[in-house]
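Here are the chains, one letter per residue:
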Amino acid sequence: MTAEWAPRHYFSSAQRLFFSVGAVVLMLASFWWAAVLAGWMHGSALPATGVHALAMTFGFFPMFFAGFIFSVGAKWLKVSPISTKASATVALLHLAGWLGFASCTVLALETGPSVSLALVALSLWAQVWLLVRMVLRSEQDDRLHGWLFSAAAVAGAVLLAVCIVRIALQQWAEVRELASAAVWSYVGLTFLTAAHRMVAFISGTPFKQLDARAPNLVLRVLGTALLLSAGGELGLVSAMLVDSVRAAVGVVLLVFALRWPFVQSLRPRLLQMLYAGFAWLTISLLLSALGVLGVAGTADLHAFTVGFLGTVMLAMLSRVIAGQGGVTVVADNVLWGLFAVQQAAAATRVLGSVALAPFAVELASLLWALVWTLWVVRYGVQLGQLKQR
């Protein structure tokens, strides 16, 4: 069995196309932010932190989510996947929007960002429509996860629409807050929903035992913590309440994290990667205790994004792409090395927030960019390959 590479293969399935577009945006956004922090790029008319918040929230996650939900999610719901024409329209709108926004950023253009992001928002609302229609078409009794995906997508689309209005009004401080709210609600809830359905750390023992006594208890507790976090970013919920709830949930997750190695083998590398992601989620919530004291900065946010989201994204994307390419060993030495550097990036970024060390923040951004550039080079090629017998 051989694997033939050709550009047309990227359009052979919705998953390949969405993942490819997401990978391109991820690599470019990561390189740009590392260059900004290192002082290699100057002169943008747009606030760099606001651009960074938007790109790291709405840049690549929508495409990775679409690639997962419209393939794996469609199988869960037992419905046919979306058409090639629909997937191409959604993906190309998203890519065109971000390329236009990037041009405005690099060329220091004050006009145009809102119009460019409107294309991204249109792409996201199209995903909402396709997703809701997919759930409604399903005849499965259990469509909870499909509806949660839909709710998260609506939250993301609404928050992005408000971001566009704020950008037009030059209110970039509010843009950062809205993007942070989207991280906890849109991105976080989507990750949690997928994890609850398929990742052993959330859906397996001992969480499975809890769900047997109180259906979807884990999903409800963690979902509440995420939504409270989003509300806190928007000023709808007191910071003290948000930090206290997240810290309390973090303590509970810490107990499970410490117990887990005794109830399930962690020898498979991929399982260790997912366990590390779960550990970062726990750390993120526990850092809220320092947030109560006002000494953690953005450590909890970056433990969640760079640590939890980054680690799980690295593991699951690699697994899905390797699976469709017929690769049996997912976590080989190359991926294991990327995972090690990614963990270093997460730890360095969190410590940089706690210690208020700009050098650590710059180093973390370079490590992150390195990991995802190498990942895109490797797995981007695999996305363009089809198995030939």
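Residues numbered from 1 in each chain as written. Predicted model: local features only at pLDDT ≥ 70, side-chain atom pairs only at ≥ 80, totals over all residues. Heavy atoms only, no water.

## Points about the overall build of the protein
No. 1: A count of helical and extended segments in the protein gives 15 helices and 2 strands.
No. 2: Out of the 389 residues in the protein, the part that is buried amounts to 54%.
No. 3: Within the protein, contacts between residues at least 6 apart in sequence are counted, and of these 78% link residues at least 24 apart. (Helix = DSSP H or I, 4+ residues; strand = E, 2+ residues; numbered from the N terminus. Buried < 20%, exposed > 50% of the residue type's maximum accessible area, 1.4 Å probe, protein only. Contact = heavy atoms within 4.5 Å.)

## Observations concerning the side chain of Thr348
No. 1: By secondary structure assignment, the location of Thr348 is in helix α14 (residues 333–355).
No. 2: Only 2.6 Å separates the side chain of Thr348 from the backbone oxygen of Ala344, close enough to count as a polar contact.
No. 3: Dropping the residues within four chain positions of it, Thr348 is found in contact with Ala360, Leu363, Ala364 and Leu367. (Polar contact = N/O pair within 3.5 Å; in protein donor to acceptor, adjacent residues only side chain to side chain.)

## Details of the nonpolar core
No. 1: Membership of the largest hydrophobic core comes to 122 residues, with the highest contact counts inside it found for Phe18, Leu54, Phe58, Trp98, Phe191, Met313 and Trp375.
No. 2: Of all the elements, helix α13 (residues 299–324) adds the most residues to this core, at 15 residues.
No. 3: When near neighbours in sequence (up to four residues on either side) are disregarded, Met313 contacts Leu26, Phe60, Phe61, Phe64, Phe191, Ser318, Trp368 and Trp372. (Core = buried A, V, L, I, M, F, W, Y, C linked by side-chain atoms within 4.5 Å.)

## Description of helix α10 (residues 217–233)
No. 1: Under the 1.5 Å per step criterion, the end-to-end length of α10 is 25 Å for 17 residues, consistent within 8% with the ideal 24 Å.
No. 2: Listed in full, the buried residues belonging to α10 are Val218, Leu219, Leu222, Gly223, Ala225, Leu226, Leu228, Ser229, Ala230 and Gly231.
No. 3: Phi turns positive one or two residues past the end of α10, at Gly235, with a value near 75°. (Expected span 1.5 Å × (residues − 1).)

## Regarding the packing of α14 against helix α15 (residues 358–383)
No. 1: The N-to-C vectors of α14 and α15 enclose an angle of 155°; their axes lie 8 Å apart at closest approach. Classified by the interaxial angle, the pair formed by α14 and α15 is roughly antiparallel. Here α14 runs over α15; the crossing is left-handed. Listed contacts from α15 to Val334, Leu335, Leu338, Val341, Gln342, Ala344, Ala345, Thr348, Arg349 and Gly352 of α14 are Ala360, Val361, Leu363, Ala364, Leu367, Trp368, Val371, Leu374, Trp375, Arg378 and Tyr379.
No. 2: When the residues that make up the contact of α14 with α15 are grouped by side-chain class, the tally is 16 nonpolar, 3 polar and 2 charged. (Axes fitted to C-alpha atoms, helices over the stretch in contact; angles between N-to-C directions. Parallel < 35°, antiparallel > 145°, perpendicular 65-115°, else oblique. Left-handed = near helix turned anticlockwise from the far one by under 90°. Nonpolar A, V, L, I, M, F, W, Y, C, P; charged D, E, K, R; others polar.)

## As for unusual backbone geometry
No. 1: For Lys78, which is not a glycine, the phi torsion comes out positive at approximately 55°.
No. 2: For Lys78, the location among the structural elements is in the loop between α3 (61–77) and α4 (84–106).
No. 3: In the Ramachandran plot, Gln170 falls in the positive-phi region, its phi being about 60° despite a non-glycine side chain.
No. 4: Among the secondary structure elements, Gln170 is positioned in the loop between α6 (144–168) and α7 (172–198).

## Quick look at the pattern of salt bridges
No. 1: Evaluation of the coordinates by the stated rule reveals 2 salt bridges.
No. 2: The closest approach of N and O atoms between Arg378 and Asp332, which form a salt bridge, is 2.3 Å. A residue pair is termed long-range when its members are at least 10 positions apart, and Arg378 in helix α15 and Asp332 in the loop between α13 and α14 qualify at 46 residues. (Salt bridge = Lys/Arg side-chain N within 4 Å of Asp/Glu carboxyl O.)

## Regarding the packing of aromatic side chains
No. 1: Counted under the stated rule, the structure contains 20 aromatic pairs.
No. 2: Ring geometry for Phe60 against Phe61: centres 4.6 Å apart, planes inclined by 45°, an arrangement best described as tilted.
No. 3: With a relative accessible area of 1%, Phe60 lands in the buried category.
No. 4: For Phe61, a relative accessible area of 5% corresponds to the buried category.
No. 5: Seen in terms of ring centroids, Phe65 and Phe191 are 5.7 Å apart; in terms of plane orientation they differ by 75°. Their pairing is edge-to-face. Taken together, the positions of Phe65 in helix α3 and Phe191 in helix α7 put the pair 126 residues apart, joining distant regions of the chain. (Phe/Tyr/Trp six-rings, centres within 6.5 Å; stacked < 30°, edge-to-face > 60°.)

## Remarks on the packing of α7 against α10
No. 1: Axis separation between α7 and α10 bottoms out at 7 Å; the angle between their running directions is 170°. In terms of orientation, α7 and α10 fall into the roughly antiparallel class. Touching Glu177, Ser180, Ala181, Trp184, Ser185, Gly188, Leu189, Leu192, Thr193 and His196 of α7 are Leu219, Leu222, Gly223, Leu226, Leu227, Ser229, Ala230 and Glu233, all from α10.
No. 2: The class makeup of the residues in the contact of α7 with α10 is 9 nonpolar, 7 polar and 2 charged.

## Structural notes on a nonpolar patch on the surface
No. 1: On the surface, a nonpolar cluster with roughly 350 Å² of combined accessible area is contributed by Met41, Val106, Leu107 and Leu109.
No. 2: Mapped onto the secondary structure, Val106 falls in helix α4. (Patch = residues over 30% accessible without salt bridge, like charges linked within 9 Å, V, L, I, M, F, W, Y side chains within 5 Å. Areas by Shrake-Rupley, 256 points an atom, 1.4 Å probe, with all protein chains shown as cover.)

## Focus: the environment of Val245
No. 1: Among the secondary structure elements, Val245 is positioned in helix α11 (residues 239–263).
No. 2: In this structure Val245 comes out as partly exposed when scored by relative accessible area, which is 25%.
No. 3: Along the sequence, Val245 and Ala225 sit 20 residues apart, while their C-alpha atoms lie 6.7 Å from each other.

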